[in-house]
Amino acid sequence: MQTRKKYIFLTFLASWLLLFFFGGDQLRRFAFFSGRKAEARRNWPHWTDRSLLKNFADPEELQRDGDPSLLSPRERRAAWLSVYKSSRCRMESCFDFSRCNRNGFKVFTYPRERDQPISESYGKILASIERSRYYTPNPEEACLFILSIDTLDRDHLSAQYVRNVDEKIHGFPLWNGGRNHLIFNLYSGTWPNYTGDLGFDIGQAILAKASFDTESFRPGFDVSIPLFSKDHPQRGGERGWLSQDSVPPKKKYLLVFKGKRYLTGIGSGTRNALHHIHNGKDIISLTTCKHGKDWEKHKDTRCDKDNVDYEKFDYQELLHNSTFCIVPRGRRLGSFRFLEALQAACIPVLLSDGWELPFSEAIDWSKAAVVGSERLLLQIPSAVRCIHPERVLAFQQQTQFLWDAYFSSVDKIVHTTLEIIKDRLSPHRSRSRFLWNTLPGGLLVLPDFSTHPGDFPFYYLQHGSSPSEKFTAFIRVVSQGGSLSQPILRLIQAVSGSQYCAQILVLWSCEKPPPPSGKWPQTTVPLTIIQGRRKLSDRFFPYTAIQTDAVLSLDEHTSLSTSEVDFAFVVWRSFPERIVGFPALSHFWDPEQGRWGYTSKWTNELSIVLTAAAFYHRYYHSLFTEYLPAGLRELVDGLATCEDILMNVLVAAVTKLPPIKVTQRKQHKDTVPQQVKGTAGAAGSRRFSQRQDCLDQLVDWFGYMPLVSSQLRLDPVLFKDQVSVLRKKYPRLERP
Amino acid sequence: IMCASTKYNTRGPALIPRMKTKHRIYYITLFSIVLLGLIATGMFQFWPHSIESSSDWTVEKRSVHDVPVVKLPADSPIPERGDLSCRMHTCFDVYRCGFNPKNKIKVYIYSLKKYVDEFGTAVSNTISREYNELLTAISDSEFYTDDVNRACLFVPSIDVLNQNVLRIKETAQALAQLSRWDRGTNHLLFNMLPGGPPDYNTALDVPRDRALLAGGGFSTWTYRQGYDVSIPVYSPLSAEVDLPERGPGPRRYFILSSQMALHPEYQSELEALQAENGESVLILDKCTNLSDGVPAVRKRCYKNQVFDYPQVLQESTFCVVLRGARLGQAVLSDVLQAGCVPVIIADSYILPFSEVLDWKRASVVIPEEKMPEMYSILQSIPQRQIEEMQRQARWFWEAYFRSMKAIALATLQIINDRIYPYAAISYEEWNDPPAVKWSSVSNPLFLPLIPPQSQGFTAVVLTYDRVESLFRVITEVSKVPSLSKLLVVWNNQNKNPPEDSLWPKIRVPLKVVRTAENKLSNRFFPYDEIETEAVLAIDDDIIMLTSDELQFGYEVWREFPDRLVGYPGRLHLWDHEMNKWKYESEWTNEVSMVLTGAAFYHKYFNYLYTYKMPGDIKNWVDAHMNCEDIAMNFLVANVTGKSVIKVTPRKKFKCPECTAIDGLSLDQTHMVERSECINKFASVFGTMPLKVVEHRADPVLYKDDFPEKLKSFPNIGSL
């Protein structure tokens, strides 16, 4: 800039400032004369006698809040049963808790009737329940009942509408006015108002419904579920689309919408206004009038141009490339868009006033979505622009977590519904909102194990605590000898030599009784023998004797030194949610046979750490025994192998992370294959192929391959460095 | 409206023009003159106003008794009863609240009046002490406005905290004649004691049409979720009694009940518990034989023993809070104050501020039917959790129960959060006690994502004038398969970078960014040119890293994308003699830092370093031209709570023609300076975030007896 120009600019600036200053004052004066008094803020007065004011209630009245003339608590609760029914149902008044006290939380599904076709989605819901650990085929022991009548689509114009539901359910001897029943519904009401009407009397049944409105939602009783399509996978489910975390969000668009514009009828208010925020640059809001048969009848002047613009953009492309996605109400409050946006990590901007958001009892949507108001549509662009980039990043990640934890499959949606109801049965043994909204999510947190975040492997950092400083060694003995072999004696010596070892547990799974206590080696730490039931899944049973956070799982043949144990444990304390151990395998996709396989050969990757020598958190014993369905454990017990792979698959499914391999002095890999071969030819190879099958079966059950590969191994900092051995903390790990 | 927050400079320091000194002087002089003029006029303009306003205060010095009297005719309108179907989107007028950059609602308080019926009898008592405190708190808060036209929420000065002292119909009439009543739209009423004999309704019986109700003692049937606000019943003992917070640890009693006039049925259930479990259960009741003058509310008795209330609550681990005639009980506040974990037995009760507070962390809710199992239920709670609940209970009291101000502000904040949900206060801010906020970390990259390998990384080389060495680094780094771009940050303002033709020809794009000032923080600027998540920061003299080592480093980073993954490791130690932190670069068995002379990390941390570095660290580093790497280590460890990952074996970071990191590190003054950095940063962060670990990452088959050519990363560890 030249000096002269600068002067001109400056003079201009100065005069402008002065003008603003005086002029502004003039304006203020004008306002002063025309209306309000220009005086200081008129605050609430400081009364001179404020210290003499009386309390709002007499202190004694506050502390003695009883009235003997009132109903007794028991009578009052009995009276609720008759007063608070149907639309005023609550768990206290419409649910029979006593049914759940006897056998715990068991769910019964009505037997399916042959002449009664059910929709694909409802079939999936029933299958989810029947596969779950809560299922019971016996109505006597059930706490919750699910109808076999398809109630998902209650729009009587729909082809899947089931008629005469009232008559049918009243014929069921178990119906009992709907008490302890759970009814699923995705669509209710019909043109033109799409009300919440289901076309039959649900009585005292709990309603799990999509597009729930806050007015008819019975808080603490009903469950709002998301709308999902019939193609929604039964289990597993697709992953979210977020593959990188960038700040600021590196997306082409800020805010997008592409959908129908209703010209008349319910929901048209919002849909008709959406085009106003379209700016053609970073905000794309496209609407079309084309829907239904007679759209041209209601056609307005915008329609033709809108329809042209509409075709220019691809919905999928918009989903992939936008930071925020508008999820407006359709005819009903919820839409498929909601889950689509969630999966796409496109932060949902909800314009659906009065929608009770899915699983709102558990999920804190303020961390994953922008809840807008239909009435304030025009403020949305500036509101989302003002959201800080790091908050956008947190939002994006939360959408992915929620999608993966609660929504990506029918199994997850159904299980979340069941867990929410289960949590109500014993409020003191239920998940806090923190547990629901933090990785890995409520379904993987068993309140029966603990309700304290510090007891789980996932929350140490958020909770500001750290895992316990000792571990429990857990040795499984199966050898038929009945006496103690040399390897096991050496193992006990090595493990008990670790400064971090709190105790040794021996799981004795032989037919012969364990040797008397005198035969066991003398150790500095307590040694306890547990009699096993000779089942393989026993080794992951949550024994109460395990009191430390860390478990060192060992086989009797394992050979480890004290240094190895010490170093591995120190590493585990940095990664308490993972399996940290020695011998490793890696899985691979076998394109020829079209299935998953794994290898114990030397590879540059690993995805499984054998539990023959591994540290992990004791919570995984609970997950293994209580979270996995009995069928999987039976599979493992039946094959008499593969329990370690199941454990690895489970932990990977929970953490989405690979296990960690640490330095091992003696290569376990040399010994393992020999053992397999050693068990003589045919039997050995059969066992191997069974193990291969097993991985395939596990993947089938989980619905995807949870294992994650890693290319690294953790060694001590100075491992094999050219430094004096005296300087090294773990010199023994380097001995050949 | 622009959001300043998102408008950070994405173009980098390279484009800041430097003015010539001569012109700068002109500018400064001119500006000072203008500024002085403005200030002078400003003083002149505004002085009289401030005198005026201070005189206003004298006017407000009056008694609650000399306020205008309003006569309510007998036939003056009565509002409709409360509408149970009201929700924010149906009964609340959001247009009154508008969009404002502060995201704060404006609250208006009607001035105090005295209402009399047509016979001249007062409709209610004068305003209570608590309601006056509440209105004072609102008036002093950021929410307050005295301009009725700008208000979004209206708070009547008619005191309805206690329904028992109200004349219901006349109070309703008084509400209806408020100037902006409009069917109660956007009006907020505070009520703590609802209902009355014989049926004890759980919500205020005064007809109030669409008004929002902040009520104590809602039941699930009267509470309009997302519309009403459930508030505590204030206990005046909060102000009267000072109970110092008691540390965790066992207390004398396990369960204590301190309420008077309990229903005989509850009483007998409690006695059964006591009979079963003996002395650990203490059931207190009213004292019958107190001498005159002792306030009954401050004493409790068990048989002949007399206890001070509420002090006795501190002697117990759990304190029972049973419903009385009403659901909300003032004792809940006393119990929380004592840091006793409330055991809430009141079916259908909506707990105070349940919309935002996670009561599962501070209380145990037991269904009335399960009262006989109470002891075993409470016994099953682990000690650690009990201690946290005690701390949490106390924190709830301090933050949301202790005064009418706390109650009023929490209520307004809840309503504010509904109107500006995108600016709402988070779960953690509502629920985490300060101690937890301090000790816990919330990792900004919390999702376990393994970034796709195809993305590659961007190498950022900070250089000043070592062109020859720089070119060697560029050539070496360009051999790494996953390199996707090379960015040279030219930090020398006195010299131009070499001509394009002189640069090494490499297979990936090479960009040169020129900086405006020779600052170390330029290395950590989130340049737009960095398009990958992974950044490799590398000095212009690090030529000794092999391609395998760098590629492996990138693979390790992919598995730990929220950490610093680097080559030379360093350690911090506590120097017991000097009583301060010490920097250590010797060959140790532990690491807590990696040097950013060669390290992979997420681009997000560039953003954090540039815009969110605490205190004056960033400027301090630029001024001292040192320790930018230590600062980065602190920043990442503090925000993630995780350790660094050192990759690959130790190697000599030395080259003949340059002063490498190691060479420099040996310098004694350098070491002292680095130690000072650690101490300085630890004091700014208020904690020592660095984590010490004993491991480093090597390829799975490193040093294993296996053919080298079959290994993914054979060339690792060569010196």
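Residues numbered from 1 in each chain as written. Chains lettered and ligands numbered in written order. Predicted model: local features only at pLDDT ≥ 70, side-chain atom pairs only at ≥ 80, totals over all residues. Heavy atoms only, no water.

Concerning the overall build of chain B
Along chain B, the regular secondary structure elements total 19 helices and 25 strands. The globule rule puts the C-alpha radius of gyration for 719 residues at 27 Å, and the 34 Å found for chain B is more than 25% above it. Here chain B has roughly 29,100 Å² of accessible surface; of this, 53% comes from carbon and sulfur atoms. Measuring between centres, the 78 positive side-chain charges of chain B sit 5 Å from its 86 negative side-chain charges. (Helix = DSSP H or I, 4+ residues; strand = E, 2+ residues; numbered from the N terminus. Rg over C-alpha atoms; globule rule 2.2 N^0.38 Å. Areas by Shrake-Rupley, 256 points an atom, 1.4 Å probe, with all protein chains shown as cover. Lys, Arg positive; Asp, Glu negative; His and termini not counted. Charge placed at Lys NZ, Arg CZ, Asp CG, Glu CD.)

Thoughts on the overall build of chain A
Each helix and strand in chain A was counted, giving 24 helices and 23 strands. Principal-axis analysis of the C-alpha atoms places the extent of chain A at approximately 100 × 90 × 75 Å. Scored against the burial criterion, the 736 residues of chain A give a buried share of 58%. Relative to all contacts within chain A whose residues are 6 or more apart in sequence, the contacts with residues 24 or more apart total 74%. (Buried < 20%, exposed > 50% of the residue type's maximum accessible area, 1.4 Å probe, protein only. Contact = heavy atoms within 4.5 Å.)

With respect to the packing of aromatic side chains
In total, this model carries 69 aromatic pairs over all chains according to the counting rule given. Ring geometry for A:Phe569 against A:Phe615: centres 5.5 Å apart, planes inclined by 50°, an arrangement best described as tilted. Of the two residues, A:Phe569 is situated in helix 19 (residues 562-574) and A:Phe615 in strand 21 (residues 613-617); the sequence distance between them amounts to 46 residues. By the burial criterion, A:Phe569 is buried, and A:Phe615 matches it. Aromatic pair B:Trp395 and B:Tyr400: ring centres 6.2 Å apart, planes at 70°, arrangement edge-to-face. When sorted by exposure, B:Trp395 lands in the same class as B:Tyr400, which is buried. (Phe/Tyr/Trp six-rings, centres within 6.5 Å; stacked < 30°, edge-to-face > 60°.)

Considerations on the sheet that holds strand 6 (residues 212-215) of chain B
All names here are of chain B. Pairing is parallel across the open sheet formed by three strands, whose spatial order is 5-6-7. Among the strands making up the open sheet, the edge pair consists of strand 5 (188-191) and strand 7 (229-230). As paired elements, strand 5 and strand 6 share four bridges and run parallel to each other. Among the inter-strand pairings, Asn191 is bridged to a residue of strand 6, identified as Gly215. Most of the contacts of helix 10 (residues 404-419) go to strand 5, to which it runs at about 145°, and overall it touches strand 5, strand 6 and strand 7. (Pairing = 2+ DSSP bridges. Axes fitted to C-alpha atoms, helices over the stretch in contact; angles between N-to-C directions.)

Looking at the packing of helix 20 (residues 619-627) of chain A against helix 22 (residues 643-655) of chain A
The relative placement of two packed helices is expressed as an angle between their axes plus a distance between the axes. Residues and elements named next belong to chain A. Packing of helix 20 against helix 22 leaves a shortest axis separation of 11 Å and a crossing angle of 100°. One finds that helix 20 runs roughly perpendicular with respect to helix 22. Between helix 20, through Tyr620, His621, Leu623, Phe624 and Tyr627, and helix 22, the contact on the second element is made entirely by Glu643, Leu646, Met647, Leu650, Val651, Val654 and Thr655. When grouped by side-chain class, the residues that make up the contact of helix 20 with helix 22 number nine nonpolar, two polar and one charged. (Parallel < 35°, antiparallel > 145°, perpendicular 65-115°, else oblique. Nonpolar A, V, L, I, M, F, W, Y, C, P; charged D, E, K, R; others polar.)

Re the environment of B:Ser585
In this fold, B:Ser585 is placed in the loop between strand 21 (580-584) and strand 22 (593-594). For the pair B:Ser585 and B:Leu536, spaced 49 residues apart in the sequence, the C-alpha separation amounts to 22 Å.

Concerning the pattern of salt bridges
Within the structure shown, the criterion is met by 64 salt bridges over all chains. Across the salt bridge formed by A:Asp155 and A:Arg332, the nearest N and O atoms sit 3.6 Å from each other. Taken together, the residues A:Asp155 in the loop between strand 3 (153-154) and helix 7 (165-171) and A:Arg332 in the loop between strand 10 (322-328) and helix 12 (336-343) connect sequence positions 177 residues apart. Judged by relative accessible area, A:Asp155 falls into the buried class, the value being 12%. Linking B:Arg167 and B:Asp117 is a salt bridge whose minimum nitrogen-to-oxygen distance equals 2.8 Å. Of this pair, B:Arg167 sits in the loop between strand 4 (153-155) and helix 4 (168-176) while B:Asp117 sits in the loop between strand 3 (114-116) and helix 3 (129-140), and the two are 50 residues apart along the sequence. Linked through salt bridges whose partners overlap, the residues forming this network are A:Arg133, A:Glu419, A:Asp423 and A:Arg431. (Salt bridge = Lys/Arg side-chain N within 4 Å of Asp/Glu carboxyl O.)

Some points on the pairing of strand 20 (residues 569-575) of chain B
Residue and element names in this part refer to chain B. The buried fraction of strand 20 is high, at five of seven residues. By the bridge criterion, two bridges tie strand 20 to strand 22 in an arrangement that is antiparallel. Note on strand 22: the bridge partner recorded for Arg570 is Met593. Both strand 20 and strand 21 contribute to a ladder of five bridges, which runs antiparallel.

Things to note about the confidence of the model for chain B
Residues and elements named next belong to chain B. This prediction gives chain B a mean pLDDT of 88; 91% of its residues lie at or above 70. Confidence drops under pLDDT 50 across residues 4-18; counting only partners more than four residues distant or on other chains, this segment forms 27 contacts. Contacts for the low-pLDDT stretch residues 47-58, under 50 throughout, to residues beyond four places or in other chains number seven contacts. Interface confidence for the predicted complex, expressed as ipTM, amounts to 0.90; the pTM equals 0.90. (pLDDT = per-residue confidence, 0-100.)

Side note on the interface of chain B and chain A
Facing 171 residues of chain B, the contacting portion of chain A comprises 148 residues. With both sides pooled, the region where chain B packs onto chain A buries about 14,500 Å², and carbon together with sulfur makes up 56% of that total. On the chain B side of the interface with chain A, the three residues burying the most area are B:Trp221, B:Glu694 and B:Val700, jointly 6% of the side's total. Counting every contact that joins chain B to chain A gives 13 salt bridges. Between B:Arg696 and A:Asp721 there is a salt bridge; the shortest N-O distance is 3.6 Å. Here chain B is connected to chain A by 71 residue pairs in polar contact (both at pLDDT 80 or more). The biggest single contributor to the side of chain B that touches chain A is helix 1 (residues 21-59) of chain B, with 16 residues. Here the side of chain B that touches chain A is composed, by residue class, of 80 nonpolar, 42 polar and 49 charged. In the sheet, strand 23 (residues 712-716) of chain A pairs with strand 25 (residues 695-699) of chain B via five bridges, with the strands oriented antiparallel. Counted as the bridge partner of A:Leu714 is B:Ala697 from strand 25 of chain B. (Buried area = accessible area lost by both parts, 1.4 Å probe. Polar contact = N/O pair within 3.5 Å; in protein donor to acceptor, adjacent residues only side chain to side chain.)

Details of the nonpolar core
In terms of nonpolar packing, the biggest core is built from 110 residues, with A:Leu255, A:Phe324, B:Phe92, B:Phe190, B:Phe353 and B:Tyr400 touching the most fellow members. Residues in contact with B:Phe92, not counting those within four places in the same chain, are A:Arg375, B:Arg87, B:Cys97, B:Cys152, B:Leu153, B:Asn186, B:Leu212, B:Tyr227 and B:Ile419. Counting 90 residues, the second largest nonpolar core, distinct from the first, contains A:Tyr110, A:Phe228, A:Leu318 and A:Val327. (Core = buried A, V, L, I, M, F, W, Y, C linked by side-chain atoms within 4.5 Å.)

Considerations on the packing of helix 12 of chain A against helix 14 (residues 389-407) of chain A
Residues and elements named next belong to chain A. Running from N to C, helix 12 and helix 14 point in directions that differ by 120°, and their axes come no closer than 8 Å. The orientation of helix 12 with respect to helix 14, classified from their angle, is oblique. Where helix 12 approaches helix 14, its residues Leu339, Leu342 and Gln343 are matched on the opposing element by Thr399, Gln400, Trp403 and Phe407. Within the contact of helix 12 with helix 14, the residues separate by chemical class into four nonpolar, three polar and no charged.

Brief notes about helix 19 of chain A
With 13 residues, helix 19 of chain A ought to run about 18 Å at 1.5 Å a step, and its terminal C-alpha atoms sit 19 Å apart, in line with that. Inspection of helix 19 of chain A places A:Ser563, A:Glu564, A:Val565, A:Asp566, A:Phe567, A:Ala568, A:Phe569, A:Val570, A:Val571 and A:Trp572 among the buried residues, and these make up the whole buried set. (Expected span 1.5 Å × (residues − 1).)

A short note on the domain arrangement of chain A
Partitioning chain A into structural domains gives domain 1 (82-224), domain 2 (253-407) and domain 3 (471-665 + 680-714). The gap between the C-alpha centroids of domain 2 of chain A and domain 3 of chain A is 48 Å. (Domains from an automatic or database assignment.)

Let's talk about the environment of A:Ile420
One can find A:Ile420 in helix 15 (residues 410-425). Beyond its immediate sequence surroundings of up to four residues, A:Ile420 is in contact with A:Val223, A:Phe359, A:Glu361, A:Ala362 and A:Trp436.

Focus on unusual backbone geometry
With an omega dihedral of 0°, the bond running from B:Pro197 to B:Pro198 counts as a cis peptide bond. Here B:Pro198 lies in the loop between strand 5 and strand 6. Here the residue pair B:Tyr309 and B:Pro310 is connected by a cis peptide bond, since its omega of 5° sits within 30 degrees of zero. Mapped onto the secondary structure, B:Pro310 falls in the loop between strand 11 (305-308) and strand 12 (316-322). The phi angle at A:Lys720 is positive, at roughly 55°, despite the residue not being glycine. Considering the arrangement of structural elements, one finds A:Lys720 in the segment after strand 23.

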